[in-house]
Amino acid sequence: MWDNPSLRCLLAIAFLHLLGLIYSQETGFPEAPENLKCITHDLNRMICSWDATSSANLGLTYKICYTNSEPFSPVCIETEGKRADIPVTIGSTNIQITTLNASGTPLATETFVLPEENVSLIPLTPQILNLSADFSTYTLYLKWNDSGSVFQYELDASWQIQILHKETLETVALINYDSKLTGKDSILSWDWTSDIPLECTSYYVKIRCYINEPYFTGRKEWSEWSPIRTVPEKDTKPNSPMVFPQDKVVLVGSNVTFCCLYNEGESIKFMKYGSKSYPLLRLNKWSSAIKVQNVSASISSGTNVWCLLEPDGLEGTVLFVGYAPDTPQNLSCETHTFINITCSWKPGRATELYTQRQTKYILFERISKENVTCEVDELKPEHHCNFSVHANQKIYNFTLGASNPLGQAESSLLIDVTQRVHLETPDKFTVSTNSSTNAHLSWYIPGNFIQIRLLCQIEINNSNSEQQLQSVSMAGAENSNYRAWVDALHPYATYTFRVRCSASEHFWRWSEWSEGKKLTTLEAPPARGPDIWRERSPVGETLTVFWKPLLLSEANGIILSHEVSCYSREIMLKAHEVPVPLNSTEIKLGGNDCLISVVAKNRAGSSPPSRITSMDLPSDNVKTELAIATGNGIYISWPSDPNVTCGYTLKCCISSGSEPCKVDWEMFPSNATDAVIKSALFQPGVRYNFSLYGCKHSGYQLLQNITGYMKELPPKVAPNFTVEETSSDSILVKWEDIPVEDCQGFLKGYILYFAKGEKSSSKTSFTDEENKTEKNITDLTKKSLRILDLQGKTSYRLGLRAYTVGGIGPLKDLYVVTKENSVGLIIAILIPVAVAVVLGVVTSILCYQKREWIKETFYPDIPNPENSKALQFQKNICEGNTALKTLEMNPCTPNCVEVVETQSTVLKIEDTEIISPVADSELPEDGSDPETGSHVVVSYCPPIIEEEISSPPIDEPVGSSQVIYIDIQSMYQPQVNPEEEPEINFVTTAGYKPQMQLPINAMKMESHSPTEEDLDKTVGYRPQANTNVWKLDSPDSPISIQSNNENGSFGSPCSINSRQFLIPPKDYEDSPTHNNTGWSFTNFFQNKPND
Amino acid sequence: LHSTLAAQNLLVSLVLVQLARPDPNPSAATISQTYNLARLLQANTTKLLNTYLSTQGSPFSDPGFSALGLRWAGVPVATFPFLAWRSMGDSERLARNYGAYATFDAFLQLVWDDQDELCPDCSELLTMLGTARARTRGLLANLTSIMAAMGIPTPPATDPLTSEAAEVGAFEKKCRGYVVCREYHGWVDRTVRDFTLLKAKYPA
């Protein structure tokens, strides 16, 4: 809207008009007043001041006449100063100020129209009445007068309080505070808490005021600031350096600022909280501070905060950090004596503050409005406090207040003291008796219990640790002894008594038990007569009377003796006293039966008598029955006997160890037919014998004998057994009974084991035997057994064990060998002999019939090479070259040939042909060549040899040549080991030449052969100059043994002397084995003809 | 620990019993006994100082804490110029000892009170402070006996503590306790030296 130019123009015109109103009367004289300003403090009067030029004229005065806008007559006042006090009016005020000289002559007159808006409302400058400080809480307290009486009505006032650092004059805080003026003077107060100790630095405080009169249209302004007030210094402000705050207690987790004050000339090195250094905040030139955040609980002597000063100084303070007290927990109040009420509670969380700073407890009772301060030990887990019981007050409403420097807490409890009685432990407890069944008790309880009844509990413990509680109610008394008595005690028994008490009507808690007191009651006569039995001697002259000692509870004292008497028709015949500890006596009957009476006696008297007759009734056919073992006792049953009128007695005599057996008995009513007998003396595996007597009108009769075990065990020993007789297929075994004491139970049978086995066998148990046989013999009368179907002359192992219900006993074994079976043996010898004879006969016949064939085959006069298996073998070797038949192995030239038949011409031609290298070279090309195959002659003779053998006469023609191969092996030997036995070879084989000479021939052959390869292939021969190869080929060569080359030259009868060289070169290394094998075959055939 | 304390107490008792006996050469024998007592005290003052420091929190409990500059008005200081000490007369030597321990007697009680308030659970420290004070009294009795035997008048009893002593801050109490324990330790050392000298001078 201000953007509108016409509107702005209007406002400017209005403003100029207003100015014209104020200064409209200006005359232009120098003395004329100007710049009229009016202020009001109370909206009643205003002080107007103006400026006027002071001329040389002294003694100027001013006449001020003012009128309100109403047509009132003007009021005029004269003043010498340039200010006047005139009333504040609503709207405008016309003010005419005339300057007068000393003589009263007006010099100048100025008229002002003062609108209300131009009047300023400035409240009176407030004055601080009081500024005080609480150094412990860092709080400043400010008080001032609001001068409300200046205005006669309520007004809103605002105050501004400024706190400044004294030294730096920095504003620490500027706070606004609103109040209401009430028309009367009021003292206003305000407080401010610093976040650092007030000792750390000094502060200034000032205040000003603003009055908000909404209906005053003039200017409203803040008053002047009040004069500065300084925060008063602590009275005990030290001159020496110090650290603040001193010994302050704060909550865990608080933020605390500490400052260190020091003197001029000193400086601060560092400041630490505990052992940790904090950055210093400089407050002023003599004070620095540190801020510690979130402090944790301190040790009991507090956390030290200290600053180290230079040049020398250590200053510090202690901060105690802890917790406000927890609400007292489990507050409980009770009275022990009705004199005091004791309240107890648990403090809850520890405050970590001690001594002066620890929690203080005050117990306040609301009804009586009394309170007590409780002395507690902070270190104890439970606290107590006593409050006096008031007469005629039953209900107490307690409030327990806990407080420490950090806070307070409280717990309340409402009680009826008569319902919270917890008596003290009964004291001076005594017990006494003057009878065998009663006891008197007395005890003392401190306190005044007149208004309640007491309930006491008496605990009675006897010597068997049996406990009994008796309660007794009694009227309460004041600090009194209380009495009670207990009855139904056992005579001559020791008891321990204790007592505890409580309030009867409103049970709260039992007191502690009193100390225990022991008491033994007096003796009384035995409660009953002893159990008795009697046994007549075999002759019947004497009767032994037995009795059992009474139980302690029945004896009612110490049994001194037993009186045994014998009555016949109510007349006592005999009586005598048997002292303890005897429990039997003999009575001579003298042929008369009597009624025996036994009485037990102690100091207090005699027991009622126990009676038994001495009469025995005859019994016949008394059977012995077996009892059943139950494991912990013996079950015995008997047939009911209608004649038995006064019960059964079961008697036994149990011996323990080496002592003679002790007679024991047990009685049963007449209707009983069975019983389980138990005794600590019973042992498992031991046989016990019982006799059952029936009590009949006229006496006792033996009804039956019973034998049994408490627990049956396996037999202790194995039955003793022997072999009575053995045959080839059976054994007769005989055994003996096991003694009764070793049976440990009723024998049920035997188990006989047998199995084949030698004595040396390592097997120790029959359970290991796989082929064992076992026989169960349940017939106990049987004492022998024949084992059949055994093998003759065989060792058997036999074992025998006995068994009872309790288990199987140990094993006894022995070895037995059955006798020999002669028929079988004979058959076993005869059959092989017969078979051998038959075989011999058949063979002989066959041989005879086929003798020709055999001879032909095995012993021909002239061996047929075709049929020779050995030669057949050779044929196989030469497979692939059919031309090479047995003796046609080519080349092959015996070094020594003995010609038996002389056909010199033919042989010579043949030899020549054979020698021909041309012919030689043709051979190997095709092994299957029919032409080559047709040569049935020794087809190869080395040229060198030829020269030598050509000279001796050739006896044998080719066609039917009888070649005798002589000692080929010996001839060969030199080749095997030429170095060792060269001479021998030369001697035996004259025609032989060492093959070392062969190279000449080889060269010769080479020149004739088309190619060297052809030669190698076709001719098995290799120049023997190759000594290495030769050696390898030797039959004894280790390598040769391993070889299995089919192409080995062995067996070639045409090349006996030089078959080594028939081997194709490529096979040299693989072939030797055959040579070796071949030798043995060769020898065989070679030697045959000679044989 | 208890057995050694008991043994030490027994020794103190023996020393005190010895004092009660008439002795042909009282001062010489008592000097020797006092020397023994001082040696016994010497062993315990170090422990007292360490225990004290350990219970006061940092910086006192920091390892190797020492503030030799720290003083407390009225607490006797053991340091002394050597020559002056060496040439000191017997009466002055004994009187100074007497004066020092009379003051320590009061200060040890003050420290006990301070610690009972500041550190109620420091039972070991409180026991040691109590023991130290008892032994100081024993030492004072010995000194009185020697001085009486030598004809030296005992200095008049003065209360070294003012009422302001109790109104100091907790930190100052801790500092005061430290100074008392430290100077007590120093003075016992000095007494041992004094009596070494006296023992040589008055052989039993």
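Residues numbered from 1 in each chain as written. Chains lettered and ligands numbered in written order. Predicted model: local features only at pLDDT ≥ 70, side-chain atom pairs only at ≥ 80, totals over all residues. Heavy atoms only, no water.

## Considerations on the packing of helix H4 (residues 90-118) of chain B against helix H6 (residues 170-201) of chain B
Packed helices, taken two at a time, are described by the angle their axes make and the gap between the axes. All names here are of chain B. Here is the rule: Axes here mean lines fitted to C-alpha atoms, for a helix over just the part in contact, with angles spanning 0 to 180 degrees between N-to-C directions. Think of it this way: any DSSP run of H or I at least four residues long counts as a helix, any run of E at least two long counts as a strand, and we number them from the N terminus. Relative orientations are named as follows: roughly parallel for angles under 35 degrees, roughly antiparallel for angles over 145 degrees, roughly perpendicular for angles from 65 to 115 degrees, and oblique for any other angle. What makes a crossing left-handed is the near helix being turned counterclockwise from the far one by less than a right angle; a clockwise turn instead makes it right-handed. The nonpolar class holds Ala, Val, Leu, Ile, Met, Phe, Trp, Tyr, Cys and Pro. Asp, Glu, Lys and Arg form the charged class, and all remaining residues, Gly among them, are polar.
One can describe the packing of H4 onto H6 by two numbers: an axis separation of 9 Å at closest approach and a directional angle of 150°. Considered as vectors, H4 and H6 are oriented roughly antiparallel to each other. In the packing of H4 onto H6, the handedness of the crossing is left-handed. Residues of the contact of H4 with H6, tallied by class, amount to 17 nonpolar, 3 polar and 12 charged.

## Notes on the confidence of the model for chain A
All names here are of chain A. Going by this rule: Per residue, pLDDT captures the predictor's confidence, and it can take any value from 0 to 100. Residue contacts are counted whenever heavy atoms from the two residues lie within 4.5 Å of one another.
Taken over all residues, the pLDDT of chain A has a mean of 77, while the share at 70 or more is 73%. In this model, residues 874-886 is a region of pLDDT below 50 whose contacts with residues beyond four sequence positions or in other chains number 25 contacts. Here residues 902-1091 scores under 50 on pLDDT; set against residues more than four positions off or in separate chains, the count is 292 contacts.

## Some details on helix H5 (residues 123-150) of chain B
Where we set the bar: What a helix is expected to span follows from its residue count: subtract one and scale by 1.5 Å.
For H5(B), spanning 28 residues, the distance from its first C-alpha to its last is 40 Å, which sits close to the expected 40 Å at 1.5 Å a residue. Positive backbone phi, at 80°, marks B:Gly151, one or two positions downstream of H5(B).

## Quick look at a nonpolar patch on the surface
For clarity, the threshold we go by: Only residues above 30% relative accessible area that lack a salt bridge enter a patch, with like-charged residues linked at up to 9 Å and the nonpolar side chains Val, Leu, Ile, Met, Phe, Trp and Tyr linked at up to 5 Å. Exposure was quantified through the Shrake-Rupley algorithm and a 1.4 Å probe, taking into account, for residues, occlusion by the shown protein chains and nothing else. By definition, a salt bridge exists where a carboxyl oxygen of Asp or Glu is found within 4 Å of a side-chain nitrogen of Lys or Arg.
A surface patch of nonpolar side chains, amounting to about 520 Å² of accessible area, comprises A:Leu825, A:Ile829, A:Val833, A:Val837, A:Val841 and A:Ile845. Position of A:Leu825 relative to the elements: it lies in helix H4 (residues 822-849).

## Some points on the interface of chain A and chain B
Defined as follows: By buried area we mean the combined loss of accessible area, with a 1.4 Å probe, across both parts when two parts are placed together.
The interface of chain A with chain B comprises 23 residues on the first partner and 21 residues on the second. Both sides together, the interface formed by chain A and chain B hides about 1600 Å², and carbon and sulfur atoms give 59% of it. Along the contact surface separating chain A from chain B lie 1 salt bridge. B:Glu117 is the salt-bridge partner of A:Arg357, the closest N and O atoms lying 3.6 Å from each other. Taken together, the elements giving at least two residues each to the side of chain A that touches chain B come down to strand E24 (303-310) and strand E25 (313-322) of chain A. Counting residues per element, the side of chain A that touches chain B draws most heavily on E25(A), at 6 residues. Of the residues that constitute the side of chain A that touches chain B, the class distribution is 8 nonpolar, 11 polar and 4 charged.

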